Amino acid sequence: MIGLEKLIARIAQWSDEEILLWLSRGVAAAAVPGDPDSDTLVFRPLLLSRSEPPLQQLHFALDRLDRVDFERVRFALARLLAAWRTSDDPRFVQALWSLAVSLKPPAGVIEAANHLVGRIDQNDALGDRFAVCVETIVVAVLGFPRTDQQDRFMGNLRRTGLWTRAMARHHVLHLVRDDRSRWLDWVKMYARELDSPGALPKGFARQLIHAVGGDLIFSGIAYRTFEDDLFWLRTALMPLLEARQRWDGIEVSIGEKTWVVATIDGWAFDDPQICEQYFDYIGRAGIAPLGDEQHRLEIMVANLGNKRIGLQ
Amino acid sequence: MPSSIDGLTDLLCTDVLGGQEILVNIADGLDDGSIDPARLQLFARACLARLDQIDRADELFETLARNAIMSVVFTPPVDEAGQSVSLQYAAMIEASDDHVTTFMTLAKLRSLVPEPSRLAAALKEEMRGELWSGSDPRFINDEMGRAIADIVNEEGTESHLHLSKIAQNAVPYPIWITRSTTSKAILDKTEPQDRATRMRDWLGLGYLDVGSPLFGFQSDRSLPSLRPARLGRPTVWDGIDHRWFKHRRSPHSGDRWGRTMDFEAAVACRADCDGGPEAVMPGPAFDEGFTCFYVGTVRTVPMPPTPHVLAALMASNPPRQIARLKQRVVDALADRP
């Protein structure tokens with residue numbers, strides 16, 4: 001058996017590669033006889049192969065643990081995160097936070113994240129070294145349900161030089177999943193920090209649709225998205241981020257389906273050509289309306305102005 | 001600590017994780033000439049030197065000893081003339097006209113993606129944040145698997161993707177390849193949902209656990225066109241970090257490639273456990289005509305190495321004995337000055 005203190009002492013001496021190899025042997029926690037609450041760990045030798053990254057192998061090992069042992073590993077990881085020192089190898093720190101993303105330590109994650117981010121934000125040299133870890137830390141922090149503490153951490157991080165567009169996108173998705181009804185507020189909150197519309201990644205658009213609940217809000221469009229992401233970006237998301245436009249979110253019901261007109265704005269109504277363009281977008285976004293339905297839709301588009309139009 | 005070859009072989013038999021399997025594979029390599037006694041001598045001496053540094057009373061001795069032996073292979077020992085001697089690629093073979101395929105998990109693929117690069121950015125966006133940043137990229141759906149393969153094909157060349165990591169001495173780590181025609185035949189006759197699992201078992205990829213997505217990389221160029229700097233039948237040294245490695249193969253193979261351990265055959269205790277053909281070569285660049293394809297997701301846990309691997313290595317008619325194989329290694333070492 002090896003105690004946690006001994007483990008940490010060893011980690012301090014070892015290179016990143018060595019510790020990952022060590023971890024890859026598998027970590028299993030077991031109670032010391034007579035001390036069931038101890039953090040004492042037992043390392044069970046497991047497979048080790050260059051054919052697979054060590055952390056992945058560790059995960060395989062953890063899969064074999066029973067529930068009690070698994071909980072002990074999560075506690076041990078929380079303590080490892082809290083034991084961060086500025087002299088640590090950044091790749092090792094990043095590896096530990098990668099584990100935190102998957103294992104979700106039961107306590108202390110935001111405190112550890114705050115500690116690390118706070119220190120490196122005040123020190124350029126540390127910032128340069130550990131900036132590579134911050135995105136993983138954000139993913140780990142956002143792996144938990146939303147809390148005030150989490151909001152404060154993200155708010156603080158947003159004001160640092162460590163903030164990136166990828167973090168902004170990740171946080172938007174997290175907030176939307178927490179409260180779908182406010183999805184537009186969240187997107188707007190980060191609009192300035194997101195990439196320019198033309199450069200928005202396809203994956204973000206897709207995940208945003210899923211987070212919002214594509215079937216409800218973007219009925220039809222969600223399905224189309226998989227075939228033509230750029231189309232969706234052009235018609236739905238780009239105007240959101242265009243400062244001079246306003247997203248009105250007009251809902252249109254046709255039969256049992258609800259449509260949301262993506263980008264209708266006052267100035268657009270004055271231009272028949274643009275109106276036609278949006279109609280075209282609506283039509284192409286789902287199953288094309290035919291016959292009477294198409295005619296009614298044409299009338300609806302021609303008379304746009306109300307926030308909600310029902311066609312039964 | 002063992003101070004003699006006898007002591008080392010004893011240690012392999014009793015105190016090293018997977019040590020008996022290493023011993024049997026060495027003996028089989030000696031028998032068919034894939035391992036020459038001079039290199040084995042060098043290996044044994046280097047192992048003894050490394051093992052001397054480990055405290056026998058350490059509670060982790062079994063694992064540390066295996067690590068020490070692996071490190072001998074990964075950091076080549078130096079011979080009496082002061083030259084470093086690579087233990088990998090010990091059994092070189094000529095490049096045949098085959099087209100080749102290599103398989104890897106999403107975790108492995110992710111570890112190879114250069115950062116920053118367009119490929120990394122596109123994959124990061126395609127995969128959920130947890131999948132990319134976490135340590136457990138498993139259980140993706142087939143749609144995402146195919147999307148990832150498409151992204152690799154679109155961006156792999158531009159982003160200078162290599163199919164193995166490049167060591168500090170600028171030499172690519174080995175990749176394990178199989179013949180495309182053979183692997184395709186196996187895939188074609190397997191139901192789509194079982195293909196990744198079957199490929200894992202057929203190629204003896206024991207590190208592929210349940211839920212692992214499997215990706216194939218197939219080159220449209222034949223081996224001679226790929227111009228591998230080295231091409232070898234894998235020996236125990238190439239597979240030193242792989243507890244499912246098998247050297248011996250059935251006498252009907254008809255080529256010089258190695259044969260993996262087929263898990264289905266091993267679990268069924270069949271005498272012939274030959275899986276697919278395998279060879280090792282330095283990992284090429286993706287732009288050498290490679291196309292990535294998504295095979296599927298592994299649906300079962302792998303065959304545990306103990307006790308099946310040793311049983312499969314020993315299986316023959318008449319049965320082999322570990323003591324005799326150990327003596328075979330001792331004798332080979334004793335023949336050297």
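Position numbers for residues start from 1 in each chain and track the written sequence from start to end. Written order determines the labels here, with chains lettered from A and ligands numbered from 1. Only residues with pLDDT of at least 70 are given local features in this predicted model, and only at 80 or more are side-chain atom pairs given and counted; all residues enter the totals for whole chains, interfaces and linings. Excluded from the side-chain calculations are hydrogens and water; all other atoms, namely the structure's heavy atoms, are used.

Participant: Report on the overall build of chain A, specifying residues and quantitative values.
Facilitator: Each helix is a run of DSSP H or I of at least 4 residues and each strand a run of E of at least 2, with the numbering of both proceeding from the N terminus. A count of helical and extended segments in chain A gives 17 helices and five strands. Expressed as a percentage of its 312 residues, the buried residues of chain A come to 53%. Note on contacts: a residue pair is in contact if any heavy atoms of the two residues lie within 4.5 Å. Taking the contacts inside chain A whose residues are at least 6 apart along the sequence as the reference set, 64% of them involve residues at least 24 apart. Classification of residues uses two cut-offs on accessible area relative to the type maximum, computed with a 1.4 Å probe and protein chains only: under 20% is buried, over 50% is exposed, and between them is partly exposed.

Participant: Describe the overall build of chain B, and please don't skip the residues or the numbers.
Facilitator: The helix and strand inventory of chain B stands at 14 helices and eight strands. C-alpha atoms define the radius of gyration, and 2.2 Å times the number of residues to the power 0.38 defines the globule rule. For chain B, whose C-alpha radius of gyration is 20 Å, the value lies close to the compact-globule estimate of 20 Å for 337 residues. In terms of principal-axis extent, the alpha carbons of chain B reach across some 55 × 45 × 45 Å. Pairs at least 24 residues apart make up 77% of the contacts formed inside chain B by residues separated by at least 6 positions. As presented, chain B carries roughly 14,100 Å² of accessible surface, and 49% of it is formed by carbon and sulfur atoms. Of the charged side chains in chain B, 36 are positive and 47 negative, and the gap between their average positions amounts to 3 Å. For accessible areas, the Shrake-Rupley method is used with a probe of radius 1.4 Å. Any residue's cover is judged against the shown protein chains and nothing else. The sign given to each residue is positive for Lys and Arg and negative for Asp and Glu; His and the chain ends receive no count. The location of each charge is read from NZ of Lys, CZ of Arg, CG of Asp or CD of Glu.

Participant: I'd like a rundown of the nonpolar core, residues and numbers included.
Facilitator: Ranked by size, the top nonpolar core spans 53 residues in total, and within it W97, I120, I137, F153, L157 and L208 of chain A carry the most contacts. With residues near it in sequence (within four places) discarded, W97 of chain A still touches L81, V109, A112, A113, L116, T136, I137 and A140 of chain A. Core analysis: the next-biggest nonpolar cluster, separate from the first, contains 50 residues, I26, L30, M303 and A332 of chain B among them. Residues belong to one nonpolar core when they are buried, are Ala, Val, Leu, Ile, Met, Phe, Trp, Tyr or Cys, and are joined through side-chain atoms within 4.5 Å.

Participant: Can you break down the packing of aromatic side chains residue by residue, with the values?
Facilitator: Residues and elements named next belong to chain B. Centres within 6.5 Å make a pair out of two Phe, Tyr or Trp rings, where for Trp the six-membered ring is used; the pair is then stacked when the planes are under 30 degrees apart, edge-to-face when over 60, and tilted otherwise. In total, this model carries seven aromatic pairs over all chains according to the counting rule given. With a centroid separation of 6.1 Å and an interplanar angle of 90°, the aromatic rings of F217 and F286 are classed as edge-to-face. Of this pair, F217 sits in strand 4 (residues 213-222) while F286 sits in the loop between strand 7 (274-282) and strand 8 (290-297); the two residues are 69 residues apart in sequence, bridging distant segments of the chain. By the burial criterion, F217 is buried, and F286 matches it. Charge-over-ring contacts are defined here by two conditions on Lys NZ or Arg CZ: a distance within 6 Å of the ring centre and an angle within 35 degrees of the ring normal. Here the basic side chain of R179 rests over the ring of W257, its NZ or CZ set 4.6 Å away from the ring centre.

Participant: Requested: an account of the pairing of strand 3 (residues 174-179) of chain B, with residues and values cited.
Facilitator: All names here are of chain B. With five of six residues buried, strand 3 lies mostly within the body of the structure. Note on pairing: two strands pair once DSSP finds at least 2 bridges between them. With four bridges connecting them, strand 3 and strand 7 associate as antiparallel partners. Of the residues in strand 7, the one forming a bridge with P174 is P282.

Participant: Quick one: what's the story with the confidence of the model for chain A, residue by residue and with numbers?
Facilitator: Residues and elements named next belong to chain A. On a scale of 0 to 100, pLDDT captures the predictor's confidence in every residue. The share of residues in chain A with pLDDT of 70 or more is 44%, and the mean pLDDT across the chain is 63. Note that residues 24-47 has pLDDT below 50 and, in this model, 73 contacts with residues that lie over four places away or in other chains. Across residues 214-289, where pLDDT falls below 50, the model places 140 contacts with residues more than four positions away in sequence or in other chains.

Participant: So what about the pattern of salt bridges? Which residues, and what values?
Facilitator: All names here are of chain B. We count a salt bridge whenever a side-chain nitrogen from Lys or Arg sits within 4 Å of a carboxyl oxygen from Asp or Glu. This model, assessed by the stated rule, comprises 25 salt bridges over all chains. The shortest N-O distance in the salt bridge between R118 and E155 comes to 3.0 Å. With R118 in helix 6 (residues 118-126) and E155 in helix 8 (residues 142-155), this residue pair connects regions lying 37 residues apart in the sequence. Between R249 and D255 there is a salt bridge whose closest N-O contact spans 3.4 Å. Relative accessible area serves as the criterion here: at 24%, R249 is assigned to the partly exposed category. Overall, D255 belongs to the buried group, its relative accessible area being 18%. One network of salt bridges, in which partners are shared, links D98, R179, R249, D255 and R259.

Participant: Just give me the short version of the side chain of S159 of chain B, but keep the residues and values in it.
Facilitator: Within the secondary structure, S159 of chain B is located in the loop between helix 8 and strand 3. Residues contacting S159 of chain B, with those up to four places away along its chain left out, are P114, S117, R118 and L119 of chain B.

Participant: Before we move on, can you summarise the pairing of strand 8 of chain B with the specific residues and values?
Facilitator: Residue and element names in this part refer to chain B. Across the eight residues of strand 8, six count as buried, placing the element largely inside the fold. Pairing between strand 4 and strand 8: seven bridges, direction antiparallel. Paired with G216 across the two strands is F293, which belongs to strand 8.

Participant: Go over the packing of helix 6 of chain B against helix 8 of chain B with me, naming the residues and quoting the values.
Facilitator: All names here are of chain B. Every axis in this analysis is a line fitted to C-alpha atoms, fitted for helices over the stretch in contact. Angles between the N-to-C directions lie between 0 and 180 degrees. Put simply, helix 6 and helix 8 touch, their axes get as near as 9 Å, and they point 165° apart. Between helix 6 and helix 8, the angle falls in the class roughly antiparallel. For the pair helix 6 and helix 8, the crossing hand works out as right-handed. Residue-level contacts link R118, L119, A122, L123 and E126 of helix 6 to M144, A147, I148, I151, V152 and E155 of helix 8. Residues belonging to the contact of helix 6 with helix 8 are distributed by class as follows: eight nonpolar, no polar and three charged. Each angle receives one of four descriptions, namely roughly parallel if under 35 degrees, roughly antiparallel if over 145, roughly perpendicular if within 65 to 115, and oblique otherwise. Each crossing is labelled by how the near helix is turned from the far one, with a counterclockwise turn of less than a right angle marking it left-handed and a clockwise turn marking it right-handed. Residues are grouped as follows: Ala, Val, Leu, Ile, Met, Phe, Trp, Tyr, Cys and Pro are nonpolar; Asp, Glu, Lys and Arg are charged; all remaining types, including Gly, are polar.

Participant: Before we move on, can you summarise helix 2 (residues 19-31) of chain B with the specific residues and values?
Facilitator: All names here are of chain B. Taking 1.5 Å per residue, 13 residues should reach 18 Å; helix 2 reaches 19 Å between its end C-alpha atoms and fits that length. The element helix 2 is extensively covered by neighbouring structure, given that eleven of its 13 residues are classed as buried. When helix 2 is considered as a whole, its buried residues turn out to be G19, E21, I22, L23, V24, N25, I26, A27, D28, G29 and L30. Buried residues along helix 2 sit against helix 1 (5-14), helix 3 (37-51), helix 4 (61-74), helix 13 (305-314) and helix 14 (322-334). Count one or two residues on from helix 2 and you reach G33, which has phi positive near 85°. Each residue after the first adds 1.5 Å to the expected span of a helix.

Participant: Could you give an account of the state of the cysteines, naming the residues involved and the relevant values?
Facilitator: All names here are of chain B. By convention in this document, the label disulfide applies to cysteine sulfur atom pairs within 2.5 Å. Under the definition given, this model contains zero disulfides over all chains. Among the cysteines around C47, which has no disulfide bond, C13 carries the closest sulfur, lying 14 Å off. Residue C47 is classed as buried on the basis of its relative accessible area, which comes to 1%. Cysteine C269 shares no disulfide, and the gap to the nearest cysteine sulfur, in C273, comes to 8.0 Å.

Participant: Give a detailed account of helix 5 (residues 90-103) of chain A, specifying residues and quantitative values.
Facilitator: Residues and elements named next belong to chain A. With 14 residues, helix 5 extends 20 Å from end C-alpha to end C-alpha; this agrees with the ideal 20 Å at 1.5 Å per step. Burial analysis of helix 5 places eleven of its 14 residues in the buried class, which makes it a mostly covered element. Three or more residues of helix 5 are buried, namely P90, F92, V93, A95, L96, W97, S98, L99, A100, V101 and L103. Once helix 5 finishes, K104 follows within two positions and takes phi at roughly 50°, a positive value.

Participant: An account of unusual backbone geometry is needed here, citing residue identities and associated values.
Facilitator: Note: most peptide bonds trans; most residues except glycine with negative phi. All names here are of chain B. The omega torsion of the bond from E115 to P116 falls at -5°, within 30 degrees of zero and hence cis. Tracing the sequence through the fold places P116 in the loop between helix 5 (106-112) and helix 6. Residue Y89 is not a glycine yet carries a positive backbone phi of 55°. You can see Y89 is positioned in the loop between helix 4 and strand 1 (91-92). Using a relative accessible area of 5% as the deciding quantity, one classes Y89 as buried.

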